[in-house]
Amino acid sequence: MIEMMEWILSVWKTYWDEGFYQYLLLVAAVFLLLFYRKKESAKQALISLAAILFVFFFPPSAYVIRICIGDSVYWRVLWLLPLIPTVALAAAEFVSARKSKAVQRLLILALTAAIGVSGTGMLKSGSYVRLSNHQKVPDEVAYICNMISEAASASGITEIRFASDDYLNSYIRVYDASILMPYGRWGKGALDQASERLYQEMISDWPNYRRLARLAKRKECNFLALPQREKDPDRALAKYGYEEIGTAGSYTIYQMTDTESERSLDG
């Protein structure tokens, strides 16, 4: 039970991080409880708040929810908190109780400022970045797509077949839907064993590059993007006709330039 409570408290702390919205919620709830608890709107907000907090902090209910949705997303229970309605209601009641219009305007400005500084800016948090491409995929991905498109055009390739890991798989076809892939994110859409094995090699921490190149060639992939690692794959890939054409971020891009290399794909 103690371990469960410690875990619940750690989730609570992680959810709010360095923000102060939990304190705004506390002040708003106490204000409504002290001065407006008989008002229907305040009752509904306070009851909802109490119910969600009870479910979140009560170890038996937390245990059941944890089993159902998993440890890593238990914090989503806090999405149910009526944070915005409670704070807005308390602020509205507090401001509207003042008779002076000038005082009301000053209070609105002060409360708006308090809400603004209580959180973390969307761009400041690091969760979002400004992108230069219209599709809003990471610029690294856009650069890779443009690189292979230019290489394909220069080589007279009309159909691009591309393979990489889960990070790039999530964005490549968002940027350019004409690019074909033997599998999608998490290996979804793999239609045969060769595609599944190629995916496993791509996401492996220690890929067998000769096997990876052989499988990629079997699936007629004319471009590959491999995460840069200490082990140099150039020699292994060259045996199957793949040559490096550039780098982008943490990836090295390879193109099939010799379709005659290693004719036998068995073994």
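An account of the accompanying structure is given in this report. All of these numbers come straight from a predicted model, not from anything done at the bench. (Residues numbered from 1 in each chain as written. Predicted model: local features only at pLDDT ≥ 70, side-chain atom pairs only at ≥ 80, totals over all residues. Heavy atoms only, no water.)

### Notes on the nonpolar core
Judged by nonpolar contacts, the single largest core of 25 residues is most densely connected at Trp7, Ile8, Leu32, Phe56, Tyr74 and Leu81. Looking at this core, the elements with two or more residues in it are helix H1 (2-16), helix H2 (21-35), helix H3 (40-57) and helix H5 (83-96). Apart from the residues lying within four places of it in its own chain, the contact partners of tryptophan 7 are Arg66, Asp71 and Tyr74. (Core = buried A, V, L, I, M, F, W, Y, C linked by side-chain atoms within 4.5 Å. Buried < 20%, exposed > 50% of the residue type's maximum accessible area, 1.4 Å probe, protein only. Helix = DSSP H or I, 4+ residues; strand = E, 2+ residues; numbered from the N terminus. Contact = heavy atoms within 4.5 Å.)

### A short note on the side chain of serine 164
Along the chain, serine 164 falls in the loop between strand E1 (162-163) and helix H8 (166-169). Judged by its relative accessible area of 0%, serine 164 falls in the buried class. Polar contacts involving the side chain of serine 164 include one to the main-chain carbonyl oxygen of alanine 225, which spans 2.7 Å. Excluding residues that lie within four positions of it along the chain, serine 164 makes contacts with Asn169, Tyr183, Met202, Ala225 and Tyr251. (Polar contact = N/O pair within 3.5 Å; in protein donor to acceptor, adjacent residues only side chain to side chain.)

### Structural notes on the packing of aromatic side chains
This structure, assessed with the given rule, holds 17 aromatic pairs. When the centroid spacing of 6.0 Å and the interplanar angle of 40° are considered together, the rings of phenylalanine 20 and tyrosine 23 count as tilted. The partly exposed category is assigned to tyrosine 23, whose relative accessible area is 46%. Aromatic pair phenylalanine 54 and phenylalanine 58: ring centres 4.8 Å apart, planes at 15°, arrangement stacked. (Phe/Tyr/Trp six-rings, centres within 6.5 Å; stacked < 30°, edge-to-face > 60°.)

### Focus: the layout of surface pockets
What the second largest pocket holds in volume is close to 220 Å³. Together, Leu24, Val27, Ala28, Phe31, Val87, Ala90, Ala91, Phe94, Leu111, Ala114 and Ile115 line the second largest pocket. Mapped by element, the contributors of at least two residues to the lining of the second largest pocket are H2, H5 and helix H6 (101-118). Here the lining of the second largest pocket is composed, by residue class, of 11 nonpolar, no polar and no charged. (1 Å grid on protein atoms, 1.4 Å probe; cavity = no way out; pocket = protein on both sides within 12 Å on 5 of 7 lines; lining within 4 Å. Points joined across faces, edges and corners; volume = space filled by probe spheres on them. Nonpolar A, V, L, I, M, F, W, Y, C, P; charged D, E, K, R; others polar.)

### Looking at a nonpolar patch on the surface
A grouping of Leu26, Val30, Leu34 and Phe35 is seen on the molecular surface, where their side chains present a nonpolar patch of about 420 Å² in accessible area. Looking at the element boundaries, leucine 34 is found in helix H2. (Patch = residues over 30% accessible without salt bridge, like charges linked within 9 Å, V, L, I, M, F, W, Y side chains within 5 Å. Areas by Shrake-Rupley, 256 points an atom, 1.4 Å probe, with all protein chains shown as cover. Salt bridge = Lys/Arg side-chain N within 4 Å of Asp/Glu carboxyl O.)

### Here we look at the sheet that holds strand E3 (residues 242-248)
Note: strands within a sheet are paired through backbone hydrogen bonds, in either parallel or antiparallel orientation. Sheet architecture is open: 4 strands sit in the order E1-E2-E4-E3, paired in mixed fashion. Unpaired on one side and paired on the other, E1 and E3 mark the two borders of the sheet. Bridging between E3 and strand E4 (residues 251-256) involves 6 bridges; their strand directions are antiparallel. In the sheet register, glycine 246 faces E4, and the bridge partner there is isoleucine 253. Across the face of the sheet, helix H7 (residues 139-155) comes into contact with E1, strand E2 (223-227), E3 and E4 while running at roughly 145° to E3. (Pairing = 2+ DSSP bridges. Axes fitted to C-alpha atoms, helices over the stretch in contact; angles between N-to-C directions.)

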